[in-house]
Amino acid sequence: MSPNVPDHLANRERSSSNVWEPWRAASPLDGRRPSKKELGDAIESGLGREDVFPWPRDEQNSGWIRLLVVGINPSPWTAAVNAPFARPGNRFWSSLEEAGILPTRVDASRGLSREDERMLTDRGIGVTNFVPRPSARADELSVEELRDGGADLVTRVRTIRPRAVAVVGITAYRQAFSMPKAVMGRQETTVVPPGWPDDVELWVLPNPSGLNAHETVSSLAEKWRAVWESAAPTGHAWARPQANA
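Presented here is an overview of the structure given in this document.

Conventions and cut-offs
Residues numbered from 1 in each chain as written. Predicted model: local features only at pLDDT ≥ 70, side-chain atom pairs only at ≥ 80, totals over all residues. Heavy atoms only, no water. Core = buried A, V, L, I, M, F, W, Y, C linked by side-chain atoms within 4.5 Å. Buried < 20%, exposed > 50% of the residue type's maximum accessible area, 1.4 Å probe, protein only. Helix = DSSP H or I, 4+ residues; strand = E, 2+ residues; numbered from the N terminus. Contact = heavy atoms within 4.5 Å. 1 Å grid on protein atoms, 1.4 Å probe; cavity = no way out; pocket = protein on both sides within 12 Å on 5 of 7 lines; lining within 4 Å. Points joined across faces, edges and corners; volume = space filled by probe spheres on them. Nonpolar A, V, L, I, M, F, W, Y, C, P; charged D, E, K, R; others polar. Arc of directions from axis to C-beta.

## Some points on the nonpolar core
At step 1: Within the largest apolar cluster, 37 residues are counted, with the highest numbers of intra-cluster contacts made by L67, W93, L102, L112, I125 and W224.
At step 2: For this core, the element with the highest residue contribution is helix α7 (residues 217-230), accounting for five residues.
At step 3: Dropping the residues within four chain positions of it, L112 is found in contact with R24, V52, A83, P84, W93, V106, E117 and L120.
At step 4: Listed in part, the 26 residues of the second largest apolar core include L68, F130, Y173 and A176.

## Remarks on empty space enclosed by the protein
At step 1: This structure, assessed with the given rule, holds one cavity of 30 Å³ or more.
At step 2: Lining the largest cavity are W20, W23, R24, V52, F53, P54, E117, L120, T121 and I125.
At step 3: If one sorts the elements of the lining of the largest cavity by residue count, helix α4 (residues 114-123) sits on top with three residues.
At step 4: Residues belonging to the lining of the largest cavity are distributed by class as follows: seven nonpolar, one polar and two charged.

## Points about helix α1 (residues 36-45)
At step 1: Considered for burial, the residues of α1 that qualify are E38, L39 and A42. Buried residues along α1 cover an arc of 105° about the axis, so they all sit on one side. Along α1, exposed side chains directed more than 90 degrees from the buried face belong to K36, K37 and E44.
At step 2: Positioned one or two residues after α1, G46 has a phi angle of 75°, which is positive.

Below you can see the structure in the form of structure tokens.
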């Protein structure tokens, strides 16, 4: 099951008619950006954010995810507003829009709207992290945390069965799977982590943080476009949940 799923949702069943309903909590800040104190409180809490999936349990999402994005861990801003890649300056959302994966740009700095969640559901996009604990910098995580997160990811992927998984951050990937020589791009089936499903593509992409001076929105978009195209459904129409009227 996805971490941080509220207790009252843990046993919610997916509708037999595949009607989608919002389940994630809204930002606790009621649509405003976090203050400096609230960013500090987010770190002190040790609480991350809810994953972004059509439904709260992994098994409910089996076969519905075209692309699963795996971040390293939540930033304080992300934890404060319960939204992935929320810190202003992060180029994740702008690069997905430029790649044509999303029809409009998401502004996650104040949290995800229900319309954002619906759009991600329609596109078959899920978002999770290696480690749920927030920190100001990724290098504050221990190798043990990352390795535990890597093992958990393999288990979850075997349940969710996305068409492709994209890990953002080569250093975290190398540490999580004890693969110091791993390179960017699509991972060959001969070097994927033990237990990785043969039918799920695995990619490693650059960290979209604004601190990564080696990348631009356009260069990131080009890489995302390659992943998205490789994950295109084949042999049958892509099934999407229906909106609850």
